[in-house]
Amino acid sequence: METLRTDVVVVGLGAFGSAALWRLAARGADVIGIERQAIGHALGSSHGVTRLFRIACMEHPGLPPIAQKSLALWTDLGAQTGEVLIEQTGSLNAGPPGSEPVAGALAAARTAGVPVEELDHAALAARQPQYGALGADDVGVWDPGAGLCFPEPIVRAQVEAARELGAKVFAHTLVTAVEVERDGVLVRTPTVEIRAQRAVVATGAWLGKVVPGLPLVPRRTPLYWFEPRDPGSDEFTLERFPAFIWQRTGGIGFWGHGSGDGYGVKLGLEHDGHVAGTPFADADEVDRYVHPRADVDEISTAVSEAFPGLDPIPVKLLPCIVTDSPDGQFLIGRSDDTDRLVIAGGDSGHGFKHAAGLGELLAQLTLDEPTYCDTTFLDPRRFTPTPTTH
Ligand SMILES: Cc1cc2nc3c(=O)[nH]c(=O)nc-3n(C[C@H](O)[C@H](O)[C@H](O)COP(=O)(O)OP(=O)(O)OC[C@H]3O[C@@H](n4cnc5c(N)ncnc54)[C@H](O)[C@@H]3O)c2cc1C
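From a predicted model like this one, the values you see are computed outputs, not experimental measurements.

A.B. asks: How should I be thinking about unusual backbone geometry in this particular structure?
C.D. replies: Look at Val 49: it is not a glycine, yet its phi comes out positive at around 75°. When you line up the elements, Val 49 lands in the loop between strand E2 (31-34) and strand E3 (51-53). In the Ramachandran plot, Asp 368 falls in the positive-phi region, its phi being about 55° despite a non-glycine side chain. With respect to the element layout, Asp 368 can be found in the segment after helix H8 (355-366).

Right under this line is the structure:
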């Protein structure tokens, strides 16, 4: 079997891995990327045409600088490739004042100095008449720099940019083992083995299979598309029904956005402020089938109440996977005391918007450069028990 030697090998070229490959190659590192599927495939976590892009990130006040880095990198990359990779059409967080979408977005905006507009109940109701049954005290936070980004073209563009900068890419190649050795890392595949100084492992829902012992849980989470009841209505275009997260009183909430050039009205469910989904012990066992009753009944009932102008039966449904970490933040950095492995995963359902910014951090961490923002809240070792001293 052929053995290749390189500075860094990146395992898994989805959102995070393709970004790491690109940012490593941009620094002149000798880098090889390996992906088990085609580049930009629909079997992991980075498919389904669109992702919400938010800057005032409700999930953690340390996230806005990472989203802003993605914005800058994708805007430049899109200008080079002539593709629209990100659209800044704004986004709305709605819910009771103490809910995560509202309180979390305001906290992140305050900490990171992100400009947002607060909407009281009357302003929210006037702006979004499509939202039926607003809670009596629901209010909104408008994030004007937010919008949508486009996962498949972004993953392909990141890989292509890396290739142009000299990275070698193996698609359709399953990594069967990543072994840490005294003087480097050995990455095994059925057709080629690679010896590198360091490895970035970004295998998404499969991260726990490649690096065992991580506290990660993959969950099957469908994406749904809907159409207005009145086919002539423009109430649900992106302009009038912008990207949003709405935490409704009673637990069930929604995220979604209106239709635009090349995409339809998209919605997903949230349970208690968290993307809804079914856990699987092994990502290879995630159910790929669509179940007309089990997948549709809950969201249809919720849509009839929340958005009466939409036909509650989805026109399309696509399974996707989120990978939860215990605290809902990503795992980015060294996973143990060896200096050889850097991991990237635990996306917890909100990682795509940060992919390019995380790729930059992964390149900096792998090459021992100072990072452009704080990463302690993402350090995988936060889940390692502190050794007891005697
Ligand atoms: C329904 C849904 C809605 C979402 N909405 C949003 C949103 O609106 N905004 C947002 O920011 N985020 C959102 N997310 C989250 C976002 O999509 C993820 O954070 C992001 O896609 C995670 O990327 P990843 O690189 O970790 O995983 P992936 O993109 O899945 O990449 C992992 C890659 O590793 C490869 N791989 C696995 N094992 C191996 C192996 N052994 N050898 C080689 N390759 C391997 C896989 O094939 C895959 O390509 C959503 C996710 C879902 C499921």
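After that view of the structure, there is still more to cover.
A.B. asks: Looking at this structure, how should I read the pairing of strand E15 (residues 252-257)?
C.D. replies: Along a regular strand, successive side chains alternate from one face of the sheet to the other. The element E15 is largely enclosed, with a buried count of five among its six residues. Note that strand E14 (residues 243-246) and E15 share three bridges and pair antiparallel. The partner of Ile 245 across the bridge, within E15, is Trp 255. Two successive antiparallel strands, E14 and E15, enclose a turn made up of five residues, where Gly 250 displays a positive phi of approximately 105°. Relative to strand E16 (residues 265-271), E15 is paired through six bridges, and the arrangement is antiparallel. When the bridges of E16 are listed, Ile 252 appears paired with His 271.

A.B. asks: Looking at this structure, how should I read the state of the cysteines?
C.D. replies: Such a bond, covalent and formed between the sulfur atoms of two cysteines, is termed a disulfide. Under the criterion given, the structure shown has zero disulfides. Free of any disulfide, Cys 320 has its nearest cysteine sulfur in Cys 149, 13 Å distant. Residue Cys 320 is classed as buried on the basis of its relative accessible area of 6%.

A.B. asks: When you look at the sheet that holds strand E8 (residues 147-149) in this model, what are you seeing that I'm missing?
C.D. replies: Sheets are built from strands paired through backbone hydrogen bonds, the pairs being either parallel or antiparallel. Spatially, the three strands line up as an open sheet ordered E3-E8-E4, and their pairing is antiparallel. Looking along the sheet, the strands with just one partner apiece sit at the ends: E3 and strand E4 (86-87). With two bridges connecting them, E4 and E8 associate as antiparallel partners. Within E8, the residue paired with Glu 87 across the bridge is Leu 148. This element, helix H2 (residues 64-81), spans E3, E4 and E8 of the sheet and lies at about 110° to E3.

A.B. asks: What is the right way to read the domain arrangement of the protein from this model?
C.D. replies: Interface size is commonly expressed as the accessible surface area that is lost when the partners come together. Taken domain by domain, the protein consists of domain 1 (2-47 + 151-214 + 327-383) and domain 2 (90-143 + 217-324). On a C-alpha basis, the centres of domain 1 and domain 2 stand 30 Å from each other. Contact residues are listed per partner, giving 13 residues for domain 1 and 15 residues for domain 2. Where domain 1 abuts domain 2, roughly 1100 Å² becomes buried across the two surfaces, and 49% of that area is made up of carbon and sulfur atoms. Inspection of the domain 1/domain 2 interface yields three salt bridges. Note that Lys 209 is salt-bridged to Asp 284, the shortest N-O span being 2.5 Å. At the boundary of domain 1 with domain 2, the tally comes to nine residue pairs in polar contact (both at pLDDT 80 or more).

A.B. asks: Help me understand the site of the ligand, please; the structure alone is not making it clear to me.
C.D. replies: What surrounds the ligand is a group of 33 residues, the closest being Glu 35, His 41, Ser 46, Arg 51 and Lys 353. At a separation of 2.9 Å, an oxygen atom of the ligand approaches a polar backbone atom of Phe 16. At 3.4 Å from an oxygen atom of the ligand is found a main-chain nitrogen or oxygen belonging to His 350. Starting from 1000 Å² of accessible surface for the ligand in isolation, the protein chains cover 97%. Of all elements in the fold, only helix H1 (15-26), E3, strand E13 (217-226) and strand E19 (316-324) reach the threshold of two or more residues within the shell around the ligand. Looking at the shell around the ligand element by element, the count peaks at three residues for E19.

A.B. asks: Please clarify how the layout of surface pockets should be interpreted in this entry.
C.D. replies: Space left empty within the atom packing is revealed by a probe, the size of a water molecule, rolled over the atoms. Computed from the structure, the second largest pocket encloses a volume of approximately 250 Å³. In terms of lining, the second largest pocket is formed by 17 residues, of which the most central are Pro 222, Tyr 224, Gly 277, Thr 278 and Asp 295. Elements represented by at least two residues in the lining of the second largest pocket include exactly E13, E16 and helix H7 (297-306).

A.B. asks: Would you explain the environment of Gln 364 in this entry?
C.D. replies: Inspection of the secondary structure puts Gln 364 in helix H8. With residues near it in sequence (within four places) discarded, Gln 364 still touches Arg 27, Glu 369, Pro 370, Thr 371 and Tyr 372.

A.B. asks: Explanation requested: the pattern of salt bridges in the structure shown.
C.D. replies: Any two side chains of opposite charge can pair, given that their charged atoms come close. Evaluated as defined, the whole model comprises 23 salt bridges. Here Arg 334 ties to Asp 368 by a salt bridge, and the two come within 3.3 Å at their closest N and O atoms. Here Arg 334, found in strand E20 (residues 331-334), pairs with Asp 368, found in the segment after H8; they are 34 residues apart in sequence, far enough to count as distant. According to the relative accessible area criterion, Arg 334 is buried, its value standing at 13%.

Definitions and cut-offs
Residues numbered from 1 in each chain as written. Predicted model: local features only at pLDDT ≥ 70, side-chain atom pairs only at ≥ 80, totals over all residues. Heavy atoms only, no water. Helix = DSSP H or I, 4+ residues; strand = E, 2+ residues; numbered from the N terminus. Buried < 20%, exposed > 50% of the residue type's maximum accessible area, 1.4 Å probe, protein only. Pairing = 2+ DSSP bridges. Disulfide = S-S within 2.5 Å. Contact = heavy atoms within 4.5 Å. Axes fitted to C-alpha atoms, helices over the stretch in contact; angles between N-to-C directions. Domains from an automatic or database assignment. Buried area = accessible area lost by both parts, 1.4 Å probe. Salt bridge = Lys/Arg side-chain N within 4 Å of Asp/Glu carboxyl O. Polar contact = N/O pair within 3.5 Å; in protein donor to acceptor, adjacent residues only side chain to side chain. Near = heavy atom within 4 Å. Areas by Shrake-Rupley, 256 points an atom, 1.4 Å probe, with all protein chains shown as cover. 1 Å grid on protein atoms, 1.4 Å probe; cavity = no way out; pocket = protein on both sides within 12 Å on 5 of 7 lines; lining within 4 Å. Points joined across faces, edges and corners; volume = space filled by probe spheres on them.

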